[in-house]
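Coordinates in review
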Amino acid sequence: IIGGLLAGYGELEIDLMFCVMEVINNKEVALKVLFRARGESQRIDLADALARPNMVAGKLRTQFEEAVAGVKYCVQVRNQYAHCNWVSKKDVGLFFLNMEDAAKSNKSWDDTMLDQHRVKLSLLEEQEAYFVHVAACLQGVRADVTLAAGRTPTHTFEAPPKMSRPPLRS
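The structure displayed is predicted, hence computed values, not measured ones.

Some remarks on the pairing of strand E1 (residues 85-89)
Here E1 runs beside strand E2 (residues 93-97); their pairing, made up of five bridges, is antiparallel. Bridging across to E2, Lys 89 finds its partner in Gly 93. Between E1 and E2, which follow one another and run antiparallel, lie three residues, and Asp 91 among them has a positive phi close to 65 degrees.

Structure below.
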């Protein structure tokens, strides 16, 4: 699941790009602007800046804003696993420690080593489900935009109901 979250995050950026493409009705601009930028946070902010002004305030804009907020949260989940070190403790479980956070803290080495976070399978499953949910939200916005713009005659995808964010850590 951890590998899927790390590798799968990029798919959310692609879904976000497709959503922006439909909102601004320009594939070239969406691709070139979003993926020339380095770093996922910058790409998310650019996507928001490109799409939001083109959306009339209302349900669709709210859906878009919620989807963008979901992508931002998925970045946090992904980054905490991508930028950490892993410890497997026999008969106890899997733990991670962010060494950059540890280095920046004023804690001693011994206290820093206590900041290991246990990773439970149930939490990973919740986080994975949330990534899938955010992808479906983006696809729902995209479908609503194409319908509203008259580029499709029927509704092709329903956005899912709201879902609570899982915690970052067990």
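Past the structure itself, the notes keep going.
With respect to the sheet that holds E2
Within the open sheet, the three strands sit side by side as E1-E2-E3. Their pairing is antiparallel. Where the open sheet ends on each side, the last strands, each with one partner, are E1 and strand E3 (117-119). Each adjacent strand pair in this sheet contributes to an overall mean axis angle of 35 degrees, direction not counted.

Let's talk about the pattern of salt bridges
With the rule as written, the count across this model stands at eight salt bridges. Arg 43 is paired through a salt bridge with Glu 13; the nearest N and O atoms lie 2.9 Å apart. Of this pair, Arg 43 sits in helix H3 (residues 40-51) while Glu 13 sits in helix H1 (residues 2-24), and the two are 30 residues apart along the sequence. Of the two residues, Arg 43 and Glu 13, both sit in the buried class. For Glu 22, the salt bridge is made with Arg 151, and the minimal N-O distance between the two is 3.1 Å. Of this pair, Glu 22 sits in helix H1 while Arg 151 sits in the segment after helix H7 (121-148), placing them 129 residues apart in sequence.

A look at the nonpolar core
Counting residues in hydrophobic clusters, the biggest one holds 38 residues, and the most contacted among them are Tyr 9, Phe 64 and Tyr 81. Counting only elements with at least two residues in this core, the list comes to H1, helix H2 (27-36), H3, helix H4 (59-82) and H7. Look past the residues within four positions of Tyr 81 in its chain and what remains in contact with it is Ile 2, Leu 5, Leu 6, Trp 86, Phe 96, Val 119, Leu 123, Leu 124, Gln 127 and Leu 168.

Topic: the environment of Arg 78
Mapped onto the fold, Arg 78 is located in helix H4. Owing to a relative accessible area of 18%, Arg 78 belongs among the buried residues under this scheme. For the pair Arg 78 and Gly 8, spaced 70 residues apart in sequence, the C-alpha separation works out to 9.1 Å.

Quick notes on the packing of aromatic side chains
Applying the stated rule across the entire model yields four aromatic pairs. Taking 5.8 Å as the distance between ring centres and 90 degrees as the angle between the ring planes, the aromatic pair formed by Tyr 73 and Tyr 130 counts as edge-to-face. With a gap of 57 residues between them, Tyr 73 in helix H4 and Tyr 130 in helix H7 connect regions that are remote in the sequence. For the pair formed by Tyr 73 and Tyr 130, the shared burial category is buried. Three or more aromatic residues joined by ring pairs form one cluster here, namely Tyr 81, Trp 86 and Phe 96. Lying across the ring of Phe 95, Lys 89 places its NZ or CZ 4.5 Å from the centre.

Rules behind the numbers
- Residues numbered from 1 in each chain as written.
- Predicted model: local features only at pLDDT ≥ 70, side-chain atom pairs only at ≥ 80, totals over all residues.
- Heavy atoms only, no water.
- Pairing = 2+ DSSP bridges.
- Helix = DSSP H or I, 4+ residues; strand = E, 2+ residues; numbered from the N terminus.
- Axes fitted to C-alpha atoms, helices over the stretch in contact; angles between N-to-C directions.
- Salt bridge = Lys/Arg side-chain N within 4 Å of Asp/Glu carboxyl O.
- Buried < 20%, exposed > 50% of the residue type's maximum accessible area, 1.4 Å probe, protein only.
- Core = buried A, V, L, I, M, F, W, Y, C linked by side-chain atoms within 4.5 Å.
- Contact = heavy atoms within 4.5 Å.
- Phe/Tyr/Trp six-rings, centres within 6.5 Å; stacked < 30°, edge-to-face > 60°.
- Lys NZ or Arg CZ within 6 Å of the ring centre and 35° of its normal.

These figures capture arrangement, not role.
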